[in-house]
Amino acid sequence: MNMYFRKMLTITTAAALCLSAAGCSSAQKADEGRQETLEDVQQEAGQDGESGENTPQALELGEFVMEDIEGKEYTREIFADNELTMVNIFTTWCTPCINEIPDLEKLHVQMKEQGVGVIGIVLDAVKEDGSRDEEAVEKAGLLAERTGASYPFLIPDEGMLNGRLMGIEAVPETFFVNKDGNITGSTYSGSRSLEAWTEVVETELSRLQGEES
């Protein structure tokens, strides 16, 4: 098994706790033993909780090639089109992840003129052995259709985005990348409302502009 995937799938006992209504742990998925259908999750209330924020970090993502769920290839040049890009890591079985997609789409549209982009990474679109999970990819396509998401849903590459996607124990997880392809600002755990994400993005954009001045 590829080392990246082996590390990603090593889940500690502590990770078995769900992040309130704001997120889901990998162990929680294993306990459920099934993938929820879109109809299942649409019947559940989506609540935005106060979720974790890690300290700011600086990390160059490096070169990569990832396909989206429609087969289009993307490289680090995807970040060059915007001053700041939100990278939202989610799974197709996580209710809070799914419930916030419509708000992320609104954010994507509303903040485009400010130089802010959004991309999603479908973490469960690859299996334990690193092969593509066609069922999850199909479900991600259905989610994009039903939620109206126009921003790309990417499938993790073999290198797991040069290791950045390794060890994620709870989703959604969100971080930000500048136009040079470097991670900037803080990493955020859990889902949020449109208003809360707008505030976060404005803060991260202001921080980035301050660093550049």
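Parameters at a glance
Residues numbered from 1 in each chain as written. Predicted model: local features only at pLDDT ≥ 70, side-chain atom pairs only at ≥ 80, totals over all residues. Heavy atoms only, no water. Helix = DSSP H or I, 4+ residues; strand = E, 2+ residues; numbered from the N terminus. Buried < 20%, exposed > 50% of the residue type's maximum accessible area, 1.4 Å probe, protein only. Salt bridge = Lys/Arg side-chain N within 4 Å of Asp/Glu carboxyl O. Phe/Tyr/Trp six-rings, centres within 6.5 Å; stacked < 30°, edge-to-face > 60°. Lys NZ or Arg CZ within 6 Å of the ring centre and 35° of its normal. Expected span 1.5 Å × (residues − 1). Arc of directions from axis to C-beta. Contact = heavy atoms within 4.5 Å. Bend = angle between axes of the 7 residues up to and from the residue. Lys, Arg positive; Asp, Glu negative; His and termini not counted. Polar contact = N/O pair within 3.5 Å; in protein donor to acceptor, adjacent residues only side chain to side chain.

Chemist: Explain unusual backbone geometry here, please?
Modeler: Backbone geometry follows two general trends: most residues other than glycine have a negative phi, and most peptide bonds adopt the trans configuration. Along the chain, Val 171 connects to Pro 172 via a cis peptide bond; the corresponding omega equals 0°. Mapped onto the fold, Pro 172 is located in the loop between strand E8 (170-171) and strand E9 (173-178). Despite not being glycine, Met 160 has its phi angle at roughly 50°, a positive value. Relative to the elements of secondary structure, Met 160 occurs in the loop between strand E7 (153-154) and E8. Taking the relative accessible area as the measure of exposure, Met 160 reaches 0% and is therefore buried. One non-glycine residue with positive phi stands out, namely Leu 161, at about 55°.

Chemist: Is there a simple way to explain the pattern of salt bridges in this structure?
Modeler: For side chains of opposite charge, pairing can occur when their charged atoms come near one another. Per the stated rule, a full pass over the model turns up seven salt bridges. Three or more residues are tied together by salt bridges with common partners; here these are Glu 60, Glu 63 and Arg 76.

Chemist: How should the packing of aromatic side chains be read in this particular structure?
Modeler: When we look at a pair of aromatic rings, we describe it by the centre distance and by the angle of the planes. Overall, the coordinates contain five aromatic pairs when judged by the stated rule. Arranged with centres 6.0 Å apart and planes meeting at 75°, the rings of Tyr 188 and Trp 197 form a pair that is edge-to-face. Judged on exposure class, the residue Tyr 188 and its partner Trp 197 are both buried. Members of the aromatic cluster, each reached through a chain of ring pairs, are Phe 90, Tyr 151 and Phe 153. Between Arg 164 and the ring centre of Phe 175, over which it is positioned, the NZ or CZ distance is 4.2 Å.

Chemist: Just checking my understanding: could you explain helix H6 (residues 194-212) for this structure?
Modeler: Since one α-helical turn is 3.6 residues long, residues separated by three or four positions face the same way. Here H6 is 19 residues long and its end C-alpha atoms lie 27 Å apart, about the 27 Å a rise of 1.5 Å per residue gives. Among the residues of H6, Leu 194, Trp 197, Thr 198, Val 200, Val 201, Glu 204, Leu 205 and Leu 208 are the ones counted as buried. Axial view of H6: buried residues confined to an arc of 165°, hence all on one face. In H6, the exposed positions angled more than 90 degrees off the buried face are occupied by Glu 195 and Glu 199. Each element contacted by the buried residues of H6 is listed here: strand E5 (84-90), helix H4 (95-110), strand E6 (116-122), E9 and strand E10 (182-189).

Chemist: How should H4 be read in this particular structure?
Modeler: For H4, spanning 16 residues, the distance from its first C-alpha to its last is 24 Å, which sits close to the expected 22 Å at 1.5 Å a residue. By the largest-angle criterion, Ile 101 marks the main kink of H4, which is about 35°, and a proline, Pro 102, follows within four residues. Looking at H4, one finds that the buried residues are Thr 95, Pro 96, Cys 97, Ile 98, Glu 100, Ile 101, Asp 103, Leu 104, Glu 105, Leu 107 and His 108.

Chemist: Just checking my understanding: could you explain the side chain of Asp 68 for this structure?
Modeler: On the secondary structure map, Asp 68 appears in the loop between strand E3 (66-67) and strand E4 (73-74). Among buried Asp, Glu, Lys and Arg side chains, Asp 68 stands out as unpaired, with Lys 72 the closest opposite charge at 6.3 Å. Within polar-contact distance, the side chain of Asp 68 engages the backbone nitrogen of Glu 70 at 2.9 Å. Within the local environment of Asp 68, its side chain forms a polar contact with the backbone nitrogen of Gly 71, the two atoms lying 2.9 Å apart.

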